[in-house]
Amino acid sequence: MNWSIEYYSDEVEKRILSLPSGLLARYLRLTDLMFEFGSNLGMPHTRFLGEGLIELRIKSKEGIARVFYCTLIGKKIVMLHLFIKKSNKTPKKEIQIAKNRIKEVLGK
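Draft legend 1. Spotlight on the overall build of the chain. The helix and strand tally for the chain stands at 3 helices and 5 strands. The order of α-helices and β-strands along the chain, N terminus first, is β-α-α-β-β-β-β-α. By the compact-globule yardstick of 13 Å for 108 residues, the chain fits well, its C-alpha radius of gyration being 13 Å. Contacts in the chain between residues at least 24 apart in sequence constitute 50% of all its contacts with a sequence separation of at least 6. Put simply, the chain shows about 6,400 Å² of open surface, and 52% of that area lies on carbon and sulfur atoms.

Pasting the structure below:
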């Protein structure tokens, strides 16, 4: 059984699909790998942030984006939140949004 990808909401899916073309192409390439090999692609593509939260690290000439996601039983990946990175450090508010959503998805 291959992995599947779901989105926290239609809004998250729309925001991801409206990324600049280079970032979107990179996102689609990495998610193709996730369908086949699973949610952990390893650095520099994915990084575990703790509490079940994982970030997909996307970089192209247009900039840097991060998509936070979690995994569920049954080989499901749920994309929780996207933001365009503008500084070296990931803002705490962006991580908190993803943590709140993961709690909702996991029913905690």
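So that's the structure; there's more coming.
Draft legend 2. Broad picture of the sheet that holds strand β3 (residues 53-60). Spatial strand order, β1-β5-β4-β3-β2: 5 strands in an open sheet with mixed pairing. Looking along the sheet, the strands with just one partner apiece sit at the ends: β1 (4-7) and β2 (46-50). Averaged over neighbouring strand pairs, the angle between their axes works out to 35° when direction is ignored. In this sheet, strand β5 (residues 76-85) lies alongside β1 in parallel orientation, the contact comprising 4 bridges.

Quick notes on the rules
Residues numbered from 1 in each chain as written. Predicted model: local features only at pLDDT ≥ 70, side-chain atom pairs only at ≥ 80, totals over all residues. Heavy atoms only, no water. Helix = DSSP H or I, 4+ residues; strand = E, 2+ residues; numbered from the N terminus. Rg over C-alpha atoms; globule rule 2.2 N^0.38 Å. Contact = heavy atoms within 4.5 Å. Areas by Shrake-Rupley, 256 points an atom, 1.4 Å probe, with all protein chains shown as cover. Pairing = 2+ DSSP bridges. Axes fitted to C-alpha atoms, helices over the stretch in contact; angles between N-to-C directions.

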